[in-house]
Amino acid sequence: VVASPSEAMVCECQWGLSSLFVGLFIILAAGVFTFFPAFLDMFDYPWYIKLCWLWFFIGCFFTAVGIIYECADCQPGGRWHNAKAREGEAEDGAAP
């Protein structure tokens, strides 16, 4: 019996790390865009500043989700997430 590719392969998505890094990148980008109205008096429109704050909070949300996801150990075991290390701990026996 041949399993379909979706059943045979574990999801290799790293949702926690990806959310963490995407969130930090968005926060950094919001800071760069906030630099213009804060220090150079360019784009000093209320709607522009509100958008910068919006993107900052979106970045904070993604960063918080990534931290919670990683700290809560929600990542299922797979090829990249220490599945072999967990198997070795569960055996409690000496190596052959």
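Before any of the text, the structure's been laid out above.
Structural notes, computed from the coordinates.

Attention now moves to unusual backbone geometry. Excluding glycine, most residues fall at negative phi; most peptide bonds, likewise, are trans. Residues other than glycine seldom take positive phi values, yet D41 does so here, at roughly 55°. Looking at where D41 falls in the secondary structure, it is placed in the loop between α2 (15–39) and α3 (46–71). Of the residues examined, D41 reaches a relative accessible area of 61% and is grouped as exposed. Positive phi is not limited to glycine here, since F43 has a value of about 55°. Following the sequence through the fold, F43 ends up in the loop between α2 and α3.

Quick look at the environment of I27 now. Within the secondary structure, I27 is located in helix α2. When its relative accessible area of 22% is taken as the criterion, I27 is described as partly exposed. When the C-alpha atoms of I27 and F57 are compared, they prove to be 7.9 Å apart, with 30 residues separating the residues in sequence. Excluding anything up to four places from it in sequence, I27 contacts F56, G59, C60 and T63.

Moving on, we get to the packing of aromatic side chains. By the definition in use, this model includes 10 aromatic pairs. Relative to F43, the ring of F36 lies with its centre 6.0 Å away and its plane at 85°, an arrangement referred to as edge-to-face. Given a relative accessible area of 26%, F36 falls into the partly exposed group. By relative accessible area, which is 41% here, F43 ends up partly exposed. Put simply, the rings of F35, F36, F39, F43, Y45, W47 and Y48 touch in pairs and so form one group of aromatic residues.

Okay, the side chain of T63 next. Take T63: it is sitting in helix α3. With residues near it in sequence (within four places) discarded, T63 still touches S19, L20, G23, L24 and I27.

Let's shift gears to α3. The end-to-end C-alpha separation of α3 is 37 Å, in line with the 38 Å expected for 26 residues at 1.5 Å each. Taken residue by residue, α3 has Y48, C52, G59, T63 and G66 as its buried positions. On its buried side, α3 packs onto α2. Directly after α3, the chain includes D73, whose backbone phi takes a positive value near 55°.

How each quantity is defined
- Throughout this document, residue positions are counted from 1 along each chain, in the order its sequence is written.
- Whole-chain, interface and lining totals are the exception, using all residues; otherwise, since this is a predicted model, local features are given only for residues with pLDDT of at least 70 and side-chain atom pairs are given and counted only at 80 or more.
- Side-chain metrics rest on all non-hydrogen atoms present in the structure, leaving aside hydrogens and water.
- Numbering of helices and strands runs from the N terminus, with a helix taken as a DSSP run of H or I at least four residues long and a strand as a DSSP run of E at least two residues long.
- In this scheme, a residue with accessible area under 20% of its type's maximum is buried, one over 50% is exposed, and one in between is partly exposed, where area comes from a 1.4 Å probe on protein chains only.
- Contacts are assigned to residue pairs with any non-hydrogen atoms lying within 4.5 Å of each other.
- Note on ring pairs: Phe, Tyr and Trp rings are taken, using the six-membered ring of Trp, and paired if centres are within 6.5 Å. Classes follow the plane angle, with under 30 degrees stacked, over 60 edge-to-face and the rest tilted.
- Given a helix with a known number of residues, its expected span is that number minus one, times 1.5 Å.

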